[in-house]
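For reference, the chains in residue letters:
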Amino acid sequence: MSTTWSSLNIAFVGAGSMAEAIIRGLVQAGGVHPEQIFVTNRSNAERLQELEQAYGVRHSLQDAEKEQAVRDADVVVIAFKPKDAIEGIRALQGQLTERQLLVSVIAGLSIDTITGLLGNPAIPVARTMPNTSSTIGLGATGLSFSATASQEQRSIAEQMFRSTGIVSIVEEPLLDSITGLSGSGPAYIYYMMEAMIEGGVQGGLDRDEARRLTVQTVLGAARMVETTGEEPADLRRKVTSPNGTTQAALDLLASRGFPEAVAQAVLRSSSRAGEIGAALSQSAASPNK
Ligand SMILES: NC(=O)C1=CN([C@@H]2O[C@H](COP(=O)(O)OP(=O)(O)OC[C@H]3O[C@@H](n4cnc5c(N)ncnc54)[C@H](OP(=O)(O)O)[C@@H]3O)[C@@H](O)[C@H]2O)C=CC1
Ligand SMILES: O=C(O)[C@@H]1CCC=N1
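Definitions and limits used
Residues numbered from 1 in each chain as written. Chains lettered and ligands numbered in written order. Predicted model: local features only at pLDDT ≥ 70, side-chain atom pairs only at ≥ 80, totals over all residues. Heavy atoms only, no water. UniProt positions renumbered as here; feature names shortened; annotations may be inferred. Near = heavy atom within 4 Å. Polar contact = N/O pair within 3.5 Å; in protein donor to acceptor, adjacent residues only side chain to side chain. Helix = DSSP H or I, 4+ residues; strand = E, 2+ residues; numbered from the N terminus. pLDDT = per-residue confidence, 0-100. Areas by Shrake-Rupley, 256 points an atom, 1.4 Å probe, with all protein chains shown as cover. Axes fitted to C-alpha atoms, helices over the stretch in contact; angles between N-to-C directions. Parallel < 35°, antiparallel > 145°, perpendicular 65-115°, else oblique. Left-handed = near helix turned anticlockwise from the far one by under 90°. Contact = heavy atoms within 4.5 Å. Nonpolar A, V, L, I, M, F, W, Y, C, P; charged D, E, K, R; others polar. Salt bridge = Lys/Arg side-chain N within 4 Å of Asp/Glu carboxyl O. Buried < 20%, exposed > 50% of the residue type's maximum accessible area, 1.4 Å probe, protein only. Pairing = 2+ DSSP bridges. Expected span 1.5 Å × (residues − 1). Arc of directions from axis to C-beta. Core = buried A, V, L, I, M, F, W, Y, C linked by side-chain atoms within 4.5 Å.

Taking an unreviewed UniProt entry as the reference, the chain is identified by name as Pyrroline-5-carboxylate reductase belonging to Paenibacillus filicis. Quoted verbatim from the Subcellular location (unreviewed entry) field of UniProt, the annotation for the chain is "Cytoplasm". Check the Sequence similarities (unreviewed entry) section of the UniProt entry for the chain; it says "Belongs to the pyrroline-5-carboxylate reductase family."

A. Structural detail: the site of ligand 1. Every one of the 22 residues lining ligand 1 counts as a neighbour, but Ala 15, Met 18, Arg 42, Ser 43 and Phe 80 are closest to it. The backbone of Met 18 places a nitrogen or oxygen atom 2.8 Å from an oxygen atom of ligand 1. Here Asn 44 contributes a backbone N or O atom positioned 3.1 Å from an oxygen atom of ligand 1. Put simply, the parts of the chain that give the shell around ligand 1 at least two residues each are helix H1 (17–28) and helix H4 (82–90). A per-element tally of the shell around ligand 1 places H4 first, with 3 residues.

B. How the structure looks around the confidence of the model for the chain. Looking at the chain as a whole, its pLDDT mean stands at 96, while 98% of the residues score no less than 70. Reported confidences for the modelled complex are a pTM of 0.95 and an ipTM of 0.98.

C. Fine view of the site of ligand 2. Taken together, Ala 107, Gly 183 and Ser 184 make up all the residues around ligand 2. Protein coverage of the free-state accessible area of ligand 2, which is 250 Å², stands at 47%.

D. A look at the packing of H4 against helix H5 (residues 111–118). Orientation of H4 relative to H5, taken along the N-to-C sense of each, is 40°, at an axis distance of 8 Å. With respect to their mutual orientation, H4 and H5 come out oblique. When you trace H4 past H5, the crossing you get is right-handed. In this structure, H4 contributes Ile 86, Ile 89 and Arg 90 to the contact, and H5 contributes Ile 114, Leu 117 and Leu 118. In the contact of H4 with H5, the residues fall into 5 nonpolar, no polar and 1 charged.

E. Examining the pattern of salt bridges more closely. Scanning the model with the defined rule gives 16 salt bridges in all. Arg 71 is paired through a salt bridge with Glu 67; the nearest N and O atoms lie 2.7 Å apart. Here the residue Arg 71 and the residue Glu 67 both occupy positions in helix H3 (residues 63–72), the gap between them amounting to 4 residues, near one helical turn. Residue classification places Arg 71 among the partly exposed positions, given a relative accessible area of 37%. Taking the relative accessible area as the measure of exposure, Glu 67 reaches 31% and is therefore partly exposed. Salt-bridge contacts for Lys 238 lead to Glu 230; the nearest nitrogen and oxygen are separated by 2.6 Å. By relative accessible area, which is 60% here, Lys 238 ends up exposed. Linked by salt bridges that have partners in common, Glu 20, Arg 47 and Glu 50 make up one network.

F. Structural detail: the sheet that holds strand E7 (residues 139–145). Strand order in the open sheet formed by 8 strands is E3-E2-E1-E4-E5-E6-E7-E8, and the pairing between neighbours is mixed. The strands lining the two open edges of the sheet, one partner per strand, are strand E3 (58–59) and strand E8 (165–169). Inspection of the sheet shows strand E5 (residues 101–104) paired to strand E6 (residues 125–129) by 3 bridges, in the parallel sense. Bridge pairing in E6 links Ser 104 to Arg 127. Strands in contact with H3 are strand E1 (10–13), strand E2 (37–40) and strand E4 (75–78); relative to E2, the strand with the most contacts, it is inclined by about 140°.

G. Quick look at helix H8 (residues 185–202). If you check H8, its first and last C-alpha atoms are 26 Å apart, about what 18 residues at 1.5 Å a residue would give, namely 26 Å. Within the span of H8, buried status applies to Gly 185, Pro 186, Met 193, Ile 197 and Gly 200. In a view along the axis of H8, the buried residues occupy a sector of 110°, so they form one face of it. Turned more than 90 degrees from where H8 packs its buried face, Tyr 191 and Gln 202 sit exposed. Contacts made by the buried residues of H8 are with helix H7 (175–183) and helix H9 (207–228). Backbone geometry just downstream of H8 places Gly 204 in the positive-phi region, at approximately 110°.

H. Here's a closer look at the UniProt feature "domain: Pyrroline-5-carboxylate reductase catalytic N-terminal" (unreviewed entry) in the chain. UniProt annotation of "domain: Pyrroline-5-carboxylate reductase catalytic N-terminal" (unreviewed entry) refers to residues 10–108 when read in the numbering used here. Annotation note: span residues 10–108, helix share 42%, strand share 18%, distance between end C-alpha atoms 23 Å.

I. Quick look at the nonpolar core. Core analysis: the biggest nonpolar cluster contains 33 residues, and Phe 12, Leu 26, Val 75 and Met 160 have the highest contact counts within it. Every element with two or more residues in this core is listed here: E1, H1, E2, helix H2 (45–55), E4, E5, E7 and helix H6 (151–162). Considering each element in turn, this core owes the most residues, 6 residues, to H1. When near neighbours in sequence (up to four residues on either side) are disregarded, Met 160 contacts Trp 5, Ile 10, Ile 22, Leu 26, Val 75 and Val 77.

In structure tokens, the structure reads:
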């Protein structure tokens, strides 16, 4: 692969929320021309049209066109659910060569399982764990590579995900930890926001007003950590007057095990990624699955 960013061909196999988040980042922030992007899925033509309308990307559901687009691509991104991974990757067997980079966003699925399913250990692979905030350029993506990925391919994958937010390059086993932290992480924050809004409503606020105040509070808190460089614990202390209102709320959260529950949630998501990966590896080893 010897190509420039402006001539890069990227094929997305799988056209759901994660594919869209990356496509949007590439087109709107990464300077990738929509013509450089091809997208396909299993059967949902309406969804492909929606993506074409939103971003101008090329698409097809025709087997021959899909195959040609994959063969022509410099980078093939697989973005289907783990349950569809074995069938989806086996379908790509024989279509990829060592000049191409396969990028996986599938939680838990190891590089070894991917190359095993492709039937070629020499295919370069970037295993990634992005998150949905990539949609607005505020993603956080973990990235690791097979030993076969060239320097150029590594740079291209890094540049792709930098156009959707920040990137953390790690050894492959740490990707499950990144899954627990930032891959699943947006959902923890949304869960917290749902509960904050509910508390506001129970306190008598109008739901829209409670939502507006919650959004600004979360945005402001994240931006404070980023802008001041202070530790979250120090910033928390600055909000908390002795024997004041915040202290009363935090005491209640601590008594209900809040910090421990959140840390355990991060670890549980990580271990679930490991379980998914192990199950996929086992199924991939079975020729009938
Ligand atoms: N959502 C998130 O927050 C994150 C998700 N991920 C990972 O991203 C992956 C995708 O998740 P998400 O985008 O949420 O999933 P979605 O359910 O939104 O999308 C899945 C897509 O895969 C397509 N698909 C399924 N099987 C095949 C196949 N055999 N060939 C081609 N396309 C196929 C589906 O097509 P059709 O509709 O036609 O069936 C659909 O377009 C998952 O593996 C997940 O682990 C990673 C980080 C964050
Ligand atoms: O829930 C999941 O399995 C995916 C992976 C990380 C975020 N969503």
